[in-house]
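Listed below, chain by chain, are the residues.
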Amino acid sequence: MSNAVIAATGLFTPDQSISNAELVAAYNAWAERWNAANADAIAAGEVEARTPSSPEFIEKASGIKSRFVLDKAGVLDPARMRPHLPERSNDELSILAEMAVKAARQAIEAWGKPVSEIGAVLCAASNMQRAYPAIAIEVQQALGIEGFAFDMNVACSSATFGVKTAADFIASGSVKAVLMVNPEICSAHLNFTDRDSHFIFGDVATAVIVEAADQATGGWEILGTRLKTVFSNNIRNNYGFLNTAALATGEAPETPGGPTDKLFVQQGRKVFKDVVPMVAEMIVDHAGDLGLDPTGLKRLWLHQANINMNEMIGRKVLGRDPAPGENVIILDDYANTSSAGSIIAFHLHHQGFQPGEVGLICSFGAGYSAGTVFVKKRA
């Protein structure tokens, strides 16, 4: 059995960003239009008026100050309220694969080895833009990698599930190195007309190269991985290929801009109440099984969903208020980027470790799902 190492990471960040103030201005303009169009129904008590939002509400609720997106104009257009991402021909690189390739090339450059040493590609993300062919196989072809590739979706936990899968392939001797990519176009499945969630997500792509320890130079030894799932409807997205099969004769097909349950929906308070104790307990138990003291972890790279969740998990795991930089927060700039969040945090803030010091990459989200990856800095 071969030990696995996180050998390199990469990050693609879109060049467009939306501030809370810009997002609120667009939402409030849309809400004003909606209220005017539905004035009679509102007056009759048949529907509730849409209430305005504010930058202060968003930051207090989430810790988010801005988010990167692929298309700013469409999101901020009160007549559209969703990104405009034109469909590409089958002969062009898909937009999800394009993002993944950009992050992957950065990771490969940092790794400094030829792609011929990579034996597998995993695309682990919350929403794939098509059922098949797999985005992972498209990325594999674009990068000239042989071997095999496949997609996997465990929502916000996809990256840690991907690291676990990659480490298992290496442990079994199937391959010597795995490229895992996490392209996330979260703006495309977000309901920008929902005051309670329109601010949550951003777009980004990350990449991780997991390599056999006996051929890796430096990097981060994977001390242990653990996965957990518990079914819950509290975070859900019902958009899928069966939607058209449910339509009545003559009924128009539904689109992501249509019924709200075909976009991201959640019951935030229930999620907070359920997930925080589940994740904190999972981290502490896993650390104990590995012979680690969780209070001695040098850094936490948690899923970037909500600053209040992360702060509470950090306190439960470390047994105290985390010191500045100890519990990494990047969602103020990136917002929630689903599977990519913990990898962004690790990629941007892994400096300052001495050989032997230990940190934690952890994700959690819809499903419910959660994954823990304890890593140790190598010499």
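Colleague: What is the right way to read the sheet that holds strand E13 (residues 369-377) from this model?
Modeller: Two orientations exist for strands paired in a sheet by backbone hydrogen bonds: parallel and antiparallel. Read from one edge to the other, the open sheet built from nine strands follows the order E5-E4-E6-E7-E1-E8-E13-E12-E11, with strand pairing classed as mixed. Both edges of this open sheet fall to strand E5 (148-152) and strand E11 (299-302), since each of them pairs with a single strand only. The average undirected angle you get between the axes of adjacent strands in this sheet is 25 degrees. Bridge count for strand E1 (residues 4-12) against strand E8 (residues 220-229) is two bridges, and the pairing is antiparallel. By the bridge assignment for E8, Ile6 is matched with Trp220. With respect to the sheet, helix H5 (residues 95-111) is in contact with E1, strand E6 (177-185) and strand E7 (203-212), its orientation differing from that of E1 by roughly 125 degrees. Here helix H8 (residues 268-289) sits on the sheet in contact with E8, E11, strand E12 (358-365) and E13, set at roughly 40 degrees to E13.

Colleague: Can you walk me through the environment of Ala120 in this structure?
Modeller: Secondary-structure assignment places Ala120 in strand E4 (residues 120-124). Accessibility expressed as a relative area gives 0% for Ala120, which makes it buried. As for Ala120 and Phe148, which are separated by 28 residues in sequence, their C-alpha atoms are 5.0 Å apart. Among all residues touching Ala120, those that are not within four sequence positions of it are Phe148, Val175, Ala177, Val178 and Leu179.

Colleague: How should I be thinking about unusual backbone geometry in this particular structure?
Modeller: Excluding glycine, most residues fall at negative phi; most peptide bonds, likewise, are trans. With an omega dihedral of 0 degrees, the bond running from Tyr132 to Pro133 counts as a cis peptide bond. Take Pro133: it is sitting in the loop between E4 and helix H6 (135-143). With omega at -10 degrees, the peptide bond leading from Gly367 into Tyr368 counts as cis. Checked against the element boundaries, Tyr368 lands in the loop between E12 and E13.

Colleague: How do you make sense of H8 when you look at a structure like this?
Modeller: Structural remark: α-helix, 3.6 residues per turn; residues separated by three or four positions point the same way. Taking 1.5 Å per residue, 22 residues should reach 32 Å; H8 reaches 31 Å between its end C-alpha atoms and fits that length. Buried residues of H8: Val271, Val275, Val276, Met278, Val279, Ala280, Met282, Ile283, His286 and Ala287, and no others. Directly after H8, the chain includes Gly291, whose backbone phi takes a positive value near 75 degrees.

Colleague: I keep staring at the nonpolar core and nothing clicks. Help me out?
Modeller: Proteins that are soluble and globular tend to have nonpolar side chains buried together. Grouped together as the largest cluster of nonpolar side chains are 46 residues, with contacts concentrated most on Val279, Ile283, Leu297, Leu302, Ile313, Leu360 and Phe364. Contributions of two or more residues to this core are made by helix H1 (20-37), H8, E11, helix H9 (307-318), E12 and E13. Apart from residues lying up to four places away in sequence, Leu360 is in contact with Ile283, Leu297, Arg299, Leu300, Trp301, Leu302, Thr372, Val373 and Phe374. By size, the runner-up hydrophobic cluster in this structure holds 38 residues, among which are Ala159, Met180, Val210 and Ile361.

Colleague: When you look at the packing of aromatic side chains in this model, what are you seeing that I'm missing?
Modeller: Aromatic rings considered in pairs are described by the distance between their centres and by the relative angle of their planes. Considering all chains together, one arrives at 13 aromatic pairs under this definition. When the centroid spacing of 5.9 Å and the interplanar angle of 35 degrees are considered together, the rings of Tyr27 and Trp30 count as tilted. Taken together, the residues span about one helical turn, with Tyr27 and Trp30 both in helix H1 at a distance of three residues. Judged by its relative accessible area of 2%, Tyr27 is buried. Assessed through its relative accessible area of 13%, Trp30 is described here as buried. Seen in terms of ring centroids, Phe201 and Phe264 are 4.8 Å apart; in terms of plane orientation they differ by 90 degrees. Their pairing is edge-to-face. Placement of the pair is Phe201 in the loop between E6 and E7 and Phe264 in the loop between strand E9 (235-236) and strand E10 (265-266), with a sequence separation of 63 residues.

Colleague: What is the right way to look at the pairing of E13 in this model?
Modeller: Remark: a regular strand shows side chains that alternate across the two faces of the sheet. The buried fraction of E13 is high, at seven of nine residues. The pairing of E8 with E13 spans nine bridges and is classified as antiparallel. Each bridged residue has a counterpart across the sheet, and for Arg226 the counterpart in E13 is Thr372. Where E12 and E13 come together, eight bridges link them in antiparallel fashion. In the strand pairing of E13, Val358 is matched with Lys376.

Quick notes on the rules
- Residues numbered from 1 in each chain as written.
- Predicted model: local features only at pLDDT ≥ 70, side-chain atom pairs only at ≥ 80, totals over all residues.
- Heavy atoms only, no water.
- Pairing = 2+ DSSP bridges.
- Helix = DSSP H or I, 4+ residues; strand = E, 2+ residues; numbered from the N terminus.
- Axes fitted to C-alpha atoms, helices over the stretch in contact; angles between N-to-C directions.
- Contact = heavy atoms within 4.5 Å.
- Buried < 20%, exposed > 50% of the residue type's maximum accessible area, 1.4 Å probe, protein only.
- Expected span 1.5 Å × (residues − 1).
- Core = buried A, V, L, I, M, F, W, Y, C linked by side-chain atoms within 4.5 Å.
- Phe/Tyr/Trp six-rings, centres within 6.5 Å; stacked < 30°, edge-to-face > 60°.

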